[in-house]
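The chain contents come next:
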Amino acid sequence: MARGLAAGAAACALVACSAVPEDAPAAGAREEVARNVILIVGSGMGRTQHDFLRLAIAGPTGQLAMERLTASGSVDHVDPVGDTAAGATTLASGMPTAPGAIGVDADGEPVASVLEHARSAGKATGIVTTAEVTDPRTAAFAAHVAPQNALEEPAEPEESAVERDIARQYLERSRVDVIMGGGAARWPADLLLDARALGYRTVSDVAGLQSVSSDRLLGLFAEGPMFEPGRPGRGQYAPAVPLPDMTRAALAALDRRPAGFFLLVDEAGIDAMAREGNGALVLEAGKAWDATVQAALEFQAVNPGTLIVVAGDHETGGMSVELADAGTRVAGADGPFPATDTDQEIWLRWTRKGPTNAAVPVAAGGPGAEAFQGGMLDTQLFPELLEAMSIRAGVGS
């Protein structure tokens, strides 16, 4: 698919997209169409984070769940990685944009995301994250906030006008069916009442999630993010509801829609811990991410019309990996961490606290997976996801 299509498709009006009718497929449409799409983002996961996790979890001859998908490649960035909001907007809509922009172009005009296109085509939609659900990396898929009003990195879990606006857009504009993660402090009582009036079942703990049966869910399981970033020896990664469990619950709820669904799953802990140079907690978040991909594969096994795409959004921390014989001290490095099925240990070096422009891995399996083989740009994920679902942008937009 031509790279220029990404920006053109993203610029369509927010409701000017449609599913290709099954009895009259568009010329060139895929013979096999993805009924469901699960997009799993490892925030902050570059190639080095992937290699570290594979060595630590599976060993040099083992496989992460991501590596059991049929197609694999790498994603380069059209623009230098500046912040979470702009990067997420590019992934969600194919549109490079200004720093701080959430779901809008550089002029502040809304751009339709893949989630919104899926909703307009009659599919159920969901967002699952270990960050606050109103975090820019997920908000870019279902909200629109001009840069001067956007929050790049919320500082404290307290209510703010921007985040309340994002939350309300989820409920009333994008109409996301399933929303799960942290950030309960961003949702005042009146907004929760409005959510219930719109048909959402609200839950706040594991017991509530296990007992609820609904196709509209709002699960808020922490006041802020579902983890606590910190330097090595500090911080914590222990979500009250693990990411694989939230994902399974979301899949069960979304699968009720006859037209299928689009689900975004975001493991934000990898990025948050990499910003602190904390390899131990990157590993903990990475284990949850790997188990989440496995949960998606298990769903796909009984729902073969499901496309799974797993990707990083950007690399964080400028991380490099070193191997040393067990018991060898590597000065100035973070570690050691065990390298599974070897007599060596892993040490990490960090060169910065934020994101870098390094390429990130991508893998896919299911209908349309071949489009994610080899090298691609971050602007290309959006049109390829639409293509896999046979959803087209509005003509003349």
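Just above, that's the structure.
Residues numbered from 1 in each chain as written. Predicted model: local features only at pLDDT ≥ 70, side-chain atom pairs only at ≥ 80, totals over all residues. Heavy atoms only, no water.

### Quick notes on the environment of leucine 251
Right, so step 1: By the element assignment, leucine 251 lies in helix H9 (residues 243-254).
Right, so step 2: Each C-alpha atom of the pair leucine 251 and alanine 295 lies 9.6 Å from the other, and the pair is 44 residues apart in sequence.
Right, so step 3: For leucine 251, the residues in contact, after removing those within four places along its chain, are Ile38, Phe261, Leu263 and Phe299. (Helix = DSSP H or I, 4+ residues; strand = E, 2+ residues; numbered from the N terminus. Contact = heavy atoms within 4.5 Å.)

### Quick notes on the sheet that holds strand S13 (residues 344-349)
Right, so step 1: A sheet is described by the order of its strands in space; here three strands give the open sequence S11-S13-S12, paired in antiparallel fashion. Edge positions in the sheet fall to strand S11 (320-325) and strand S12 (334-338), since each of these pairs with one other strand and no more. Each strand of the sheet is rotated relative to its neighbour by a mean of 30 degrees, with strand direction disregarded. (Pairing = 2+ DSSP bridges. Axes fitted to C-alpha atoms, helices over the stretch in contact; angles between N-to-C directions.)

### Description of the nonpolar core
Right, so step 1: Counting 58 residues, the largest nonpolar core has Ile38, Ile40, Phe52, Met180, Leu263 and Trp289 as its most contacted members.
Right, so step 2: Looking at this core, the element that brings in the most residues is helix H11 (residues 279-302), giving ten residues.
Right, so step 3: Sequence-distant contacts of methionine 180, defined by excluding residues within four places in its chain, comprise Ile127, Val128, Thr129, Val133, Leu209, Gly219, Phe221, Met246, Ala249 and Ala250. (Core = buried A, V, L, I, M, F, W, Y, C linked by side-chain atoms within 4.5 Å. Buried < 20%, exposed > 50% of the residue type's maximum accessible area, 1.4 Å probe, protein only.)

### Quick notes on unusual backbone geometry
Right, so step 1: A cis amide bond, omega 0 degrees, links glycine 335 with the succeeding residue proline 336.
Right, so step 2: Following the sequence through the fold, proline 336 ends up in strand S12.
Right, so step 3: Even without being a glycine, arginine 175 presents a positive backbone phi close to 55 degrees.
Right, so step 4: Examined against the element boundaries, arginine 175 turns out to sit in the loop between helix H6 (161-172) and strand S5 (178-182).
Right, so step 5: For serine 390, which is not glycine, the phi dihedral falls at a positive 55 degrees.

### Considering the packing of aromatic side chains
The geometry of an aromatic ring pair is captured by the separation of the ring centres together with the interplanar angle, meaning the angle of the planes.
Right, so step 1: Under the definition given, this model contains three aromatic pairs.
Right, so step 2: Between phenylalanine 52 and phenylalanine 337, the aromatic rings sit 5.4 Å apart at their centres with planes inclined by 65 degrees, giving edge-to-face as the arrangement. Within this pair, whereas phenylalanine 52 is found in helix H2 (residues 47-58), its partner phenylalanine 337 is found in strand S12, the two being separated by 285 residues in sequence. The exposure classification of phenylalanine 52 matches that of phenylalanine 337, with both residues buried.
Right, so step 3: For the pair phenylalanine 227 and tyrosine 237, a centre-to-centre distance of 6.3 Å together with 20 degrees between the ring planes defines the contact as stacked. With a gap of ten residues between them, phenylalanine 227 in the loop between strand S7 (217-220) and H9 and tyrosine 237 in the loop between S7 and H9 connect regions that are remote in the sequence. (Phe/Tyr/Trp six-rings, centres within 6.5 Å; stacked < 30°, edge-to-face > 60°.)

### Observations regarding the packing of H2 against H11
Right, so step 1: Contact pair H2 / H11: the axes reach a minimum separation of 10 Å and the direction vectors enclose 80 degrees. Taken together, the axes of H2 and H11 are roughly perpendicular relative to one another. Residues Phe52, Leu53, Ala56 and Ile57 of H2 lie in contact with H11, whose contacting residues are Gly279, Val282, Leu283, Gly286, Lys287, Trp289 and Asp290.
Right, so step 2: The residue makeup of the contact of H2 with H11, split by class, is seven nonpolar, two polar and two charged. (Parallel < 35°, antiparallel > 145°, perpendicular 65-115°, else oblique. Nonpolar A, V, L, I, M, F, W, Y, C, P; charged D, E, K, R; others polar.)

### Let's talk about the sheet that holds strand S9 (residues 306-312)
Right, so step 1: Spatially, S6-S7-S5-S4-S8-S2-S9-S15-S3-S16 is the arrangement adopted by the ten strands of the open sheet, whose pairing is mixed. In this open sheet, the two edge strands, each paired with only one partner strand, are strand S6 (201-203) and strand S16 (374-377). Strand-to-strand twist of the sheet, defined as the mean angle between neighbouring strand axes without regard to direction, takes the value 15 degrees.
Right, so step 2: Sheet topology note: the S9/strand S15 (residues 360-365) ladder contains four bridges and is antiparallel. From the neighbouring strand, isoleucine 308 faces S15, where its bridge partner is glycine 365.
Right, so step 3: This element, H9, spans strand S2 (36-42), strand S4 (124-132), S5, S7 and strand S8 (261-267) of the sheet and lies at about 170 degrees to S8.

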